[in-house]
Amino acid sequence: MAPEKSGTEVHVDVEGRTLKLSNLDKVLYPQTGTTKGEVLNYYARISPTLLPHLKDRAVTRVRWPHGTHQASFFEKNVPAGTPSWVRTAKVPTTGSRGPSRNGDTLVFPIVEDLATLTWMANLAALELHVHQWTVGKNGQPKNPNRLVVDLDPGEPAGLHECAKVALLVREKLAERDLEATAVTSGSKGIHLYAGLPGKLNSDETSALAKEIAEELQGEHGSLVTATMTKSRRTGKVFLDWSQNAGSKTTLTPYSLRGKDKPTVATPLSWEEVEAGAEDPLDLEQFRFEAVLERVDDLGDLFDAP
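The rules behind each value
- Residues numbered from 1 in each chain as written.
- Predicted model: local features only at pLDDT ≥ 70, side-chain atom pairs only at ≥ 80, totals over all residues.
- Heavy atoms only, no water.
- Helix = DSSP H or I, 4+ residues; strand = E, 2+ residues; numbered from the N terminus.
- Buried < 20%, exposed > 50% of the residue type's maximum accessible area, 1.4 Å probe, protein only.
- Contact = heavy atoms within 4.5 Å.
- Core = buried A, V, L, I, M, F, W, Y, C linked by side-chain atoms within 4.5 Å.
- Expected span 1.5 Å × (residues − 1).
- Bend = angle between axes of the 7 residues up to and from the residue.
- Phe/Tyr/Trp six-rings, centres within 6.5 Å; stacked < 30°, edge-to-face > 60°.
- Lys NZ or Arg CZ within 6 Å of the ring centre and 35° of its normal.

Within the element layout of this structure, A194 appears in strand β13 (residues 190-195). On the basis of relative accessible area, A194 is assigned to the buried category, the value being 2%. In this structure the C-alpha to C-alpha distance between A194 and L178, which are 16 residues apart in sequence, comes to 6.0 Å. Discounting chain neighbours no more than four positions away, the residues touching A194 are R146, L147, L173, L178 and E179.

The subject of this paragraph is the side chain of T252. Its location among the elements puts T252 in the loop between β16 (250-251) and β17 (263-264). Apart from the residues lying within four places of it in its own chain, the contact partners of T252 are L50, H53, L54, L128, H129, V130 and A265.

The next point concerns the nonpolar core. Counting 73 residues, the largest nonpolar core has Y42, Y43, I46, L128, L151, V169 and L239 as its most contacted members. Ranked by the residues each element gives to this core, the list is headed by helix α3 (residues 159-175), at nine residues. Ignoring sequence-local partners within four residues, the contact set of Y42 consists of Y254, L256, V264, F288, V291 and L292. Grouped together as the second largest cluster of nonpolar side chains are eight residues, V91, F108, W133 and V135 included.

Moving on to helix α1 (residues 36-54). Between the first and last C-alpha of α1 there are merely 21 Å, a value that for 19 residues lags more than 12% behind the 27 Å anticipated at 1.5 Å per step. Of all the bends in α1, the largest measures some 75 degrees and sits at S47, one to four residues before the proline P48. Taken together, the buried positions of α1 are K36, V39, L40, Y42, Y43, I46, S47, T49, L50, L51, H53 and L54. Where α1 terminates, the next one or two residues include D56, which has phi positive at roughly 65 degrees.

Here E155 and P156 are connected by a cis peptide whose omega angle stands at 5 degrees. Inspection of the secondary structure puts P156 in the loop between β11 (146-153) and α3. Although it is not a glycine, N23 adopts a positive phi angle of roughly 50 degrees. Note that N23 resides in the loop between β3 (17-22) and β4 (27-29). Backbone geometry at Y254 places phi at a positive 80 degrees, although glycine is not the residue there.

Taken as a whole and assessed by the stated rule, the structure comprises three aromatic pairs. Seen from their ring centres, Y42 and F288 are 5.8 Å apart, and the 65 degrees between their planes marks the pair as edge-to-face. On the criterion of sequence distance, the pair formed by Y42 in helix α1 and F288 in helix α6 (residues 288-298) is long-range, its members being 246 residues apart. The exposure classification of Y42 matches that of F288, with both residues buried. Ring-pair connections join several aromatic residues into one group, and the members of that group are Y42, Y43 and F288. Above the ring of F286, the side-chain terminus of R294 is found at 4.4 Å from the ring centroid.

Right, here's the structure in full:
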């Protein structure tokens, strides 16, 4: 169905759902002039690759209604006016499998189709963050099916140092029969994922990630820190193991980032990581245009669990 214009609004058909899109010319990334329409176009084009990474995962959004040069806010619960066809899940506020102590729950959206993704992007939800667990058919969180380690560099360290540490983390995971996948964070660092068989709960997964971080801190103290204190991170790469907690989330692969430029969390080959560890100029954060080209040429370098 062709879009029907109505004032500043456009009505479009997305897989049988009629959506009202607004302010398509609004600039959301002032430094590059990237508009809301371009953001919607990116998410539509990347959706066949992105949606499998969101499957059955509760999504926390970070919204920039006035652009990345102004204030943003995190949104966990579905907002007022959410279409009735958007799948949702009621999750205890602890993010654990059991009920929270005060019985409070959050009602998250589950993004399982292009219509839901488009609806979110129209709300200027540039960043999509997910937990490491999925939601079962009964609506309850399962045990995590993957582990994540966020490599966060403290200046003057950068992607070059993160690539070096990523190779070290890969070795530690391999010692535990876990296979790592590297993804640029879209900001400064790299996210490392490893699929899990689902036997560990969130606390046990966090303990495993912390164990790896502390081992590497002990072996490579001049390069790695497992300590959250920012003053201890100067020139080092912080291995943030805490994002495995049941209530914590990480930017999903292929999500945009709300930075000055429209960068994207981008899966990497290990050849790219090795090149980045050798040469500081061989690795960069990718903009959405480059990500679309990479997917066309390389497919999805992240085999999502």
